[in-house]
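Reading the structure
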Protein chains: 2
Amino acid sequence: MYSPRVGRTSDARNKILEAAKQLIEQRGYSALGVAEICAAAGVPKGSFYYFFESKQALALTVIDEHWVAQRAQWEAVLGTDRDPLRRLRELFEATEEVQRVAQRRSGVVVGCMFGNLALELSNQHPEIRERLQAIFDAQIDLIEAVVTQAKDLGEAGGAVDSRGAARSIVAQIEGRVLLAKLLNDPAQLDTLWRDCLDLLQVPTNSRTLVN
Amino acid sequence: MYSPRVGRTSDARNKILEAAKQLIEQRGYSALGVAEICAAAGVPKGSFYYFFESKQALALTVIDEHWVAQRAQWEAVLGTDRDPLRRLRELFEATEEVQRVAQRRSGVVVGCMFGNLALELSNQHPEIRERLQAIFDAQIDLIEAVVTQAKDLGEAGGAVDSRGAARSIVAQIEGRVLLAKLLNDPAQLDTLWRDCLDLLQVPTNSRTLVN
DNA sequence: GGAGAATACATGACCGGTCGTCTAGCGTCT
DNA sequence: AGACGCTAGACGACCGGTCATGTATTCTCC
């Protein structure tokens, strides 16, 4: 077993992060104990506060890392040179697939970690709220850019406000994910595409083009 | 069948329910302690378990009572003989007003209690999940009826699926309420009307009629 | 109308357990 | 020997929940 001489000699931090990510997704923040995280990570509890300042600091790190990964995924899907509406549709499909995979692995639809924590903690932990605000703002930015392109191509209704529509789409995603989690049914997400077409006021006769 | 009222009578149960409703709205379920609820209600902790079997049983009661009240409000707004779209619009305005009032009183947008608890508890407490599923189902029913009427009047697009559209509207409400809570800004809700018109595919030229 | 009996509620000490957090010190390396 | 990476174990506070005991109110029966 090779271990580098300098820097960390333990992967405990990563194991904690990995376990915490899954547990927070499944059980939220308040109902989750540090001991449980450490047990799931196979790391002694005494080590926790060597790697993290506090439970809240861990949550912030988990949030940040999860957003880095998700943003990369969103950018990969939304940043192609395909048709803008097509890109949005693929985002929805990817979102649903994520929930299906999570359900297969853990038995439950975990929903959106950011949405979950937003409702649970935004009124209790200002730092977490700020982080989540920034994340949702960035999500809206990413979608707004694609909506603008769709408008420029005449695919979206000329009357739609790009940013407003992007916010509506994000809200629609969050609302649908809530229903999917409540019903433990990822299929709740496969109306996102149709909803999106409505919110973007895409004319009925041009919808089959991207279908 | 009469029930003799032997012994004392107390309003402690109602005081607990009242306090619990506000605290659950503001701080969620897991982060809330029985002792804190009792302190806020001005009831000794020992009395709590005389009136409620458990903390979870209290939550179920709070959920039920809150839904009874909210359903009455929804029915009052949606059950009039006014124009269907007009009724939907008033529902959105009432929703926003509820959040404004809560914000004035407690300083924070509390969001939707059912949505909050759905994301926090649906994967932890099956009984609560069932209750919340039934509530959202009933909400969708209430809106579906109005959407159907709007369709019959030709106000909504003929291609819309009433139940699907109702679900989309509920999802949109929940998503917007999430953003309103995260940003502590009830104004996030005043695009609900426009979103609803989009989701119902109401023709642009006929929108001013109800505006 | 007065005396119990029965019921309805009040109360706070207390239980085992878990919470997030911290510190003293272990083992391993230079 | 000294520094460093790591961890065992304990800390006080608090968790949801229990219980013995006390008091207030209304019942029945005379």
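Residues numbered from 1 in each chain as written. Chains lettered and ligands numbered in written order. Predicted model: local features only at pLDDT ≥ 70, side-chain atom pairs only at ≥ 80, totals over all residues. Heavy atoms only, no water.

Opposite the 41 residues of chain B that make contact, chain A presents 41 residues. Along the contact surface separating chain B from chain A lie zero salt bridges. Run the count over chain B and chain A and you get 20 residue pairs in polar contact (both at pLDDT 80 or more). Taken together, the elements giving at least two residues each to the side of chain B that touches chain A come down to helix H1 (12-27), helix H6 (113-121), helix H7 (126-152), helix H8 (162-183) and helix H9 (192-199) of chain B. Among the elements that line the side of chain B that touches chain A, the one with the most residues is H8 of chain B, at 13 residues. Of the residues in the side of chain B that touches chain A, the class split is 15 nonpolar, 15 polar and eleven charged. (Contact = heavy atoms within 4.5 Å. Salt bridge = Lys/Arg side-chain N within 4 Å of Asp/Glu carboxyl O. Polar contact = N/O pair within 3.5 Å; in protein donor to acceptor, adjacent residues only side chain to side chain. Helix = DSSP H or I, 4+ residues; strand = E, 2+ residues; numbered from the N terminus. Nonpolar A, V, L, I, M, F, W, Y, C, P; charged D, E, K, R; others polar.)

Turning next to the UniProt feature "DNA-binding region" (unreviewed entry) in chain A. UniProt feature "DNA-binding region" (unreviewed entry): in the numbering of this structure it lies at residues 33-52 of chain A. Secondary structure across residues 33-52 of chain A divides into 75% helix and 0% strand, with the first and last C-alpha atoms of the span separated by 14 Å. (UniProt positions renumbered as here; feature names shortened; annotations may be inferred.)

In the structure shown here, the tally under the stated rule is eight aromatic pairs over all chains. Taking the centre distance of 6.1 Å and the plane angle of 85 degrees together, the rings of tryptophan 67 of chain A and phenylalanine 114 of chain A count as edge-to-face. Note that tryptophan 67 of chain A is positioned in helix H4 (residues 55-78) and phenylalanine 114 of chain A in helix H6 (residues 113-121), a separation of 47 residues in sequence. Taken individually, tryptophan 67 of chain A and phenylalanine 114 of chain A each receive the classification buried, so the pair is uniform in this respect. Ring geometry for phenylalanine 48 of chain B and tyrosine 49 of chain B: centres 4.8 Å apart, planes at 70 degrees, overall edge-to-face. Across from the ring centre of tyrosine 29 of chain A, 4.2 Å away, lies the NZ or CZ of lysine 55 of chain A, which sits over that ring. (Phe/Tyr/Trp six-rings, centres within 6.5 Å; stacked < 30°, edge-to-face > 60°. Buried < 20%, exposed > 50% of the residue type's maximum accessible area, 1.4 Å probe, protein only. Lys NZ or Arg CZ within 6 Å of the ring centre and 35° of its normal.)

In this section: the nonpolar core. Counting 136 residues, the largest nonpolar core has Ile143 and Leu200 of chain A together with Ile143 and Leu200 of chain B as the members making the most contacts within it. What leucine 200 of chain B contacts, discounting residues up to four positions off in sequence, is Leu85, Leu88, Val147, Ala156, Gly157, Val160, Ala165 and Ile169 of chain B. (Core = buried A, V, L, I, M, F, W, Y, C linked by side-chain atoms within 4.5 Å.)

Attention shifts here to the environment of glutamine 133 of chain A. With respect to the helices and strands, glutamine 133 of chain A occurs in helix H7 (residues 126-152). Residue glutamine 133 of chain A is classed as partly exposed on the basis of its relative accessible area, which comes to 24%. Along the sequence, glutamine 133 of chain A and leucine 85 of chain A sit 48 residues apart, while their C-alpha atoms lie 26 Å from each other. Not counting residues up to four positions away in its chain, the partners in contact with glutamine 133 of chain A are Leu182 and Leu183 of chain B.

Let us look at the relation of the copies chain B and chain A. Take chain B, turn it by 180 degrees, move it 0.0 Å along the axis, and it overlays chain A with an RMSD of 0.1 Å. On the angle and the small slide along the axis, the relation comes out as a two-fold axis. Considering only C-alpha atoms, the part of chain B nearest the rotation axis is glycine 175 of chain B, at 2.1 Å. Take the interface residues of chain B: 100% of them recur as interface residues in chain A, which is what a same-surface contact looks like. (Least-squares fit on C-alpha atoms with pLDDT ≥ 70 in both.)

Below, the discussion takes up the pattern of salt bridges. Pairs can form between side chains of opposite charge whenever their charged atoms are close. By the definition in use, this model includes 24 salt bridges over all chains. The shortest N-O distance in the salt bridge between arginine 100 of chain A and glutamate 96 of chain A comes to 2.7 Å. In this pair, arginine 100 of chain A and glutamate 96 of chain A are both assigned in helix H5 (residues 84-106), four residues apart and thus about one turn of the helix distant. Classification of arginine 100 of chain A as partly exposed rests on a relative accessible area of 28%. A salt bridge links glutamate 36 of chain B to arginine 27 of chain B, with the shortest nitrogen-to-oxygen separation between them at 2.6 Å.

All names here are of chain B. In contact at an axis separation of 10 Å, H8 and H9 are set at 155 degrees when each is read in the N-to-C sense. One finds that H8 runs roughly antiparallel with respect to H9. In this structure, H8 crosses over H9, and the sense of that crossing is right-handed. Here Ala165, Ser168, Ile169, Gln172, Ile173 and Arg176 of H8 lie close against H9, whose contacting residues are Leu192, Asp195, Cys196 and Leu199. (Axes fitted to C-alpha atoms, helices over the stretch in contact; angles between N-to-C directions. Parallel < 35°, antiparallel > 145°, perpendicular 65-115°, else oblique. Left-handed = near helix turned anticlockwise from the far one by under 90°.)

Here we come to the domain arrangement of chain A. Residue and element names in this part refer to chain A. Domains assigned within chain A are domain 1 (9-52) and domain 2 (55-209). Here domain 1 and domain 2 have C-alpha centroids that lie 27 Å from each other. In this complex, domain 1 contributes 19 residues to the contact, which on the side of domain 2 involves 18 residues. When the two sides are added together, the surface that domain 1 and domain 2 hide from each other amounts to roughly 1600 Å², 67% of it contributed by carbon and sulfur. Three residues stand out in domain 1 for area buried against domain 2, namely Ile24, Glu25 and Tyr29, and they jointly supply 44% of the buried area on that side. Sorting the residues of the side of domain 1 that touches domain 2 by element identifies helix H1 (12-27), helix H2 (34-41) and helix H3 (45-51) as the ones contributing at least two each. At nine residues, H1 tops the list of elements feeding residues into the side of domain 1 that touches domain 2. Across the side of domain 1 that touches domain 2, the residue classes tally to twelve nonpolar, four polar and three charged. (Domains from an automatic or database assignment. Buried area = accessible area lost by both parts, 1.4 Å probe.)

On to H1 of chain A, then. Residues and elements named next belong to chain A. In a regular helix each residue adds 1.5 Å, so 16 residues correspond to 22 Å; H1 covers 21 Å between its end C-alpha atoms and thus fits that length. For H1, the set of buried residues is Ala12, Ile16, Leu17, Ala19, Ala20, Leu23, Ile24 and Glu25. Taken together, the buried residues of H1 touch H2, H3, H4, H6 and helix H8 (162-183). Downstream of H1 by one or two residues, glycine 28 has phi in the positive range, about 80 degrees. (Expected span 1.5 Å × (residues − 1).)

Before going further, it helps to spend a moment on the confidence of the model for chain A. Per-residue confidence for chain A averages 93 on the pLDDT scale, and 94% of its residues sit at or above 70. Long-range and interchain partners of residues 1-7 of chain A, a stretch whose pLDDT sits below 50, account for one contact in this model, where long-range means more than four residues apart. (pLDDT = per-residue confidence, 0-100.)

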